[in-house]
Amino acid sequence: MSKASTLTNAITSILSTRTLLGALTATALLSTAGMANAAPFKNLPADPNAELSVGANVIINNSAYDVDGAEVLVLPGVFYDNNKFYARGAQAGAYLINDGTNQLSAYAQLAGSKFDPDDANGALAGLDERKASAAAGITYLRRTPIGGFRGQFATDILGRNDGNLARLTYLAKFTKDKLTVYPSVGLEWHDESYNDYYYGVSNKESARTGVAAYSPSQSFNPYVSVSANYDINEKWAGFASQTLDYLSDEQYDSPMVDSRTESTTTLGLLYKF
C-alpha cells in the first residue's frame, strides 16, 4: 500500500467517528449558553426582537442521476436568528461563539441525494433506492471586509450513508433597497462511504441488473450558489436560490450518472412575524 493510500485511510478512519461527533454536537446544542459565557469572546447578547419568518419553498432538483425529469418538492421554510440560535431553511443550529466577526456553531441539516429506481432509465430501474439523510456537525464563519469565509464538517446521523462531508465556502452580500443577494462559491468533500452509498453499484446489484459494479473513493467537487431575498412589504418576503454542483470524476464515472452537473432551484414565500 502506498504512503498516500495509508494517509487517506488514516484520515478517513479518523473522520468516520460519527458517534463521537454526534455526541459532541448534541452536547454543544444543549450547553451553548454556558460555553458562550465562558469563551474568551465578547459574544453578542440574545436579540429579543429577532424576526421569525415562516413560509413554504418549492424546490426543483435536476439530479445528475440518469432519471426522467426533475424532482419537485414543497417544503416548509423557517428563518430565525437571535444571536444564540438560528434556523435557515433546512439547517438549524446553536452558536458556541458569536461575536459578530467569528461564528462557531453546532448544526444539523438535511443532506444527501435521492435516487428513486421508479424514475430511473434502463437497467438502473433495478437498483436499490438511495435516500436523503440528515447530517450534524460544526461550522465556523469568519466575517471580513471582503466577505465571509466558512468551513463546515458534518456526518450522517441517520445511518443511511454512514458518510462524512466538508465544505469550504466564500460568501458575499449585496443589498439595494428591498433586495439582498448572497452569492457564494466553494469546494465540497465527500468521503468514500458517502460516495459509495449514492454513486456506488454493489456486486449484488450488478448481478441482478447487469449494471457494471462500481466502487468510488473520496471526492472533491466545486459548487456555486446565489440566493436572493426581496422584502415585498413589512410582513411578506420572497426568496429564491440557485445552486450548481460540478461532479468529481469519482461521482461522474458512476453508471448511475448521466450528467456532469446537477442543479437545485428554490422559490419561496415567507411571512414575517
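Here the structure is a predicted model, which means the values were calculated and not measured. (Residues numbered from 1 in each chain as written. Predicted model: local features only at pLDDT ≥ 70, side-chain atom pairs only at ≥ 80, totals over all residues. Heavy atoms only, no water.)

An account of the nonpolar core is requested, with residue identities and associated values reported.
Formed by 15 residues in total, the largest nonpolar core has its most connected members in Y65, F115, L124, L127 and M256. With near-sequence residues (within four places) excluded, L124 lies in contact with D66, F115, P117, V211, P255 and M256. Y95, A135, A154 and L165 belong to the second largest nonpolar core, which has seven residues in total. (Core = buried A, V, L, I, M, F, W, Y, C linked by side-chain atoms within 4.5 Å. Buried < 20%, exposed > 50% of the residue type's maximum accessible area, 1.4 Å probe, protein only. Contact = heavy atoms within 4.5 Å.)

Describe the pairing of strand β10 (residues 179-190), listing the residues and the values that go with them.
Bridging between strand β8 (residues 164-171) and β10 involves seven bridges; their strand directions are antiparallel. By the bridge assignment for β10, R167 is matched with E188. When strand β9 (residues 174-176) meets β10, the two strands line up antiparallel, connected through three bridges. Across the sheet, K176 pairs through a bridge with L179, a residue of β10. Between the end of β9 and the start of β10, which pair antiparallel, lie two residues, with D177 showing a positive phi angle near 55°. (Pairing = 2+ DSSP bridges. Helix = DSSP H or I, 4+ residues; strand = E, 2+ residues; numbered from the N terminus.)

Outline empty space enclosed by the protein, listing residues and values.
Rolled over the atoms, a probe as big as a water molecule pinpoints where empty space is left. Counted according to the given criterion, the structure contains two cavities of 30 Å³ or more. The calculated volume of the largest cavity comes to roughly 40 Å³. Along the walls of the largest cavity sit A111, G112, S133, A134, A135, T155, D156, N161, G163, L165 and Y194, which together make up its complete lining. Grouping the amino acids of the lining of the largest cavity by side-chain chemistry returns five nonpolar, five polar and one charged. (1 Å grid on protein atoms, 1.4 Å probe; cavity = no way out; pocket = protein on both sides within 12 Å on 5 of 7 lines; lining within 4 Å. Points joined across faces, edges and corners; volume = space filled by probe spheres on them. Nonpolar A, V, L, I, M, F, W, Y, C, P; charged D, E, K, R; others polar.)

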